[in-house]
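In case you want the letters, here they are:
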Amino acid sequence: MRKFKDGDVAAFETLYRRHNDGLFRYFLGLCLNRATAEDLYQEVWSRIIKARLRYRPTAKFTTYLYRIAHNCFVDHLRRNRRYGGGTVEPQELADSAPSPEEEVERTLARSRLLAALEHLPAEQRDVFLLREEAGLSLDDIATVTGVNRETAKSRLRYANRKLTAALTARSDRPAVSGGGGKAGN
């Protein structure tokens with residue numbers, strides 16, 4: 001970011017390539033709506049470009065980036081005065097899979113995760129996604145969300161517990177089989 005601040009456009013391209021996928025998945029997980037995620041994603045990169053000359057390296061770039069992202073999402077919520085609904089297709093979050101079987105399994109797992117994420121309170125979903133999608137530490141999550149470390153830790157712990165319970169409950173359900181009847185009936 002310092003190089004970009006000094007006018008090196010290639011440095012911005014490097015930052016963008018390094019962080020674009022995780023940032024988009026973060027918004028997709030928060031918004032659960034592709035169009036909103038795309039709008040917020042573009043807004044963050046626009047803010048990064050506009051703030052280039054004012055940038056001061058007081059934290060890691062990732063922390064800086066996700067602080068802007070978090071603020072954009074909070075602004076979006078305030079503008080809309082409701083949590084944006086909508087749905088996300090599970091394949092939108094999945095990477096390309098080498099085989100059809102793995103793709104199906106990955107899509108099903110992602111569907112279960114998205115369904116579980118929908119039921120988390122926004123604050124817990126936010127810290128979970130900052131940890132999983134952005135790879136931020138608890139200290140960085142606290143900085144991004146504007147809470148103390150213990151609050152971030154507590155939110156992450158509750159999110160993990162709720163997600164684990166939801167995913168375990170879903171995987172314990174018996175599978176529906178088609179065709180267990182006797183031949184000839």
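The structure we're discussing is the one just above.
These lines cover the structure that appears in this document, whether it is placed above or below. (Residues numbered from 1 in each chain as written. Predicted model: local features only at pLDDT ≥ 70, side-chain atom pairs only at ≥ 80, totals over all residues. Heavy atoms only, no water.)

Quick look at the packing of aromatic side chains
Argument step 1. Under the criterion given, the structure shown has eleven aromatic pairs.
Argument step 2. Geometrically, the ring pair formed by Phe24 and Tyr41 is edge-to-face, given 5.6 Å between the ring centres and 90° between the ring planes. Residue Phe24 is located in helix 2 (residues 9-31), and its partner Tyr41 is located in helix 3 (residues 34-50); the two are separated by 17 residues in the primary sequence.
Argument step 3. Under the relative-accessibility criterion, Phe24 is labelled buried at 16%.
Argument step 4. According to the relative accessible area criterion, Tyr41 is buried, its value standing at 8%.
Argument step 5. Put simply, the rings of Phe4, Phe12, Tyr16, Phe24, Tyr41 and Trp45 touch in pairs and so form one group of aromatic residues.
Argument step 6. Lying over the aromatic face of Phe4, Arg52 brings its terminal NZ or CZ to 5.4 Å of the ring centre.
Argument step 7. Here the basic side chain of Arg157 rests over the ring of Tyr158, its NZ or CZ set 5.7 Å away from the ring centre. (Phe/Tyr/Trp six-rings, centres within 6.5 Å; stacked < 30°, edge-to-face > 60°. Helix = DSSP H or I, 4+ residues; strand = E, 2+ residues; numbered from the N terminus. Buried < 20%, exposed > 50% of the residue type's maximum accessible area, 1.4 Å probe, protein only. Lys NZ or Arg CZ within 6 Å of the ring centre and 35° of its normal.)

As for the nonpolar core
Argument step 1. Within the largest apolar cluster, 46 residues are counted, with the highest numbers of intra-cluster contacts made by Leu23, Tyr26, Phe27, Val44, Ile48 and Tyr66.
Argument step 2. Listing elements by their share of this core, those giving two or more residues are helix 2, helix 3, helix 4 (61-80), helix 5 (100-118), helix 6 (122-132), helix 7 (138-145) and helix 8 (149-172).
Argument step 3. Of the residues forming this core, the biggest block, ten residues, is contributed by helix 2. (Core = buried A, V, L, I, M, F, W, Y, C linked by side-chain atoms within 4.5 Å.)

A closer look at the environment of Gly135
Argument step 1. Residue position: Gly135 is located in the loop between helix 6 and helix 7.
Argument step 2. Separated by 72 residues in sequence, Gly135 and Thr63 place their C-alpha atoms 9.9 Å apart.

Here's the deal with helix 2
An α-helix turns once per 3.6 residues; consequently, residues spaced three or four apart project the same way.
Argument step 1. Considering bend angle alone, the principal kink of helix 2 is centred on His19 and spans about 50°.
Argument step 2. If you check the start of helix 2, you find a side-chain oxygen 3.1 Å away from the backbone N of Ala10, and it comes from Asp8.
Argument step 3. At the exit of helix 2 stands Leu32, carrying a positive phi of roughly 55°. (Bend = angle between axes of the 7 residues up to and from the residue. Polar contact = N/O pair within 3.5 Å; in protein donor to acceptor, adjacent residues only side chain to side chain.)

Details of the environment of Cys31
Argument step 1. Tracing the backbone through its elements, the reader meets Cys31 in helix 2.
Argument step 2. Separated by 45 residues in sequence, Cys31 and His76 place their C-alpha atoms 9.9 Å apart.

Examining unusual backbone geometry
Argument step 1. For Leu32, which is not a glycine, the phi torsion comes out positive at approximately 55°.
Argument step 2. Among the structural elements, Leu32 can be located in the loop between helix 2 and helix 3.

Quick notes on the pattern of salt bridges
Argument step 1. Within the structure shown, the criterion is met by eight salt bridges.
Argument step 2. A salt bridge links Asp75 to Arg78; the shortest N-O distance between them is 3.9 Å. One end of the pair, Asp75, and the other, Arg78, are both in helix 4, three residues apart, so they sit about a helical turn from each other.
Argument step 3. Each of Glu43, Arg47, Asp75, Arg78 and Arg79 takes part in a single network of salt bridges with overlapping partners. (Salt bridge = Lys/Arg side-chain N within 4 Å of Asp/Glu carboxyl O.)

Read these as layout, nothing more, since geometry by itself doesn't imply function.
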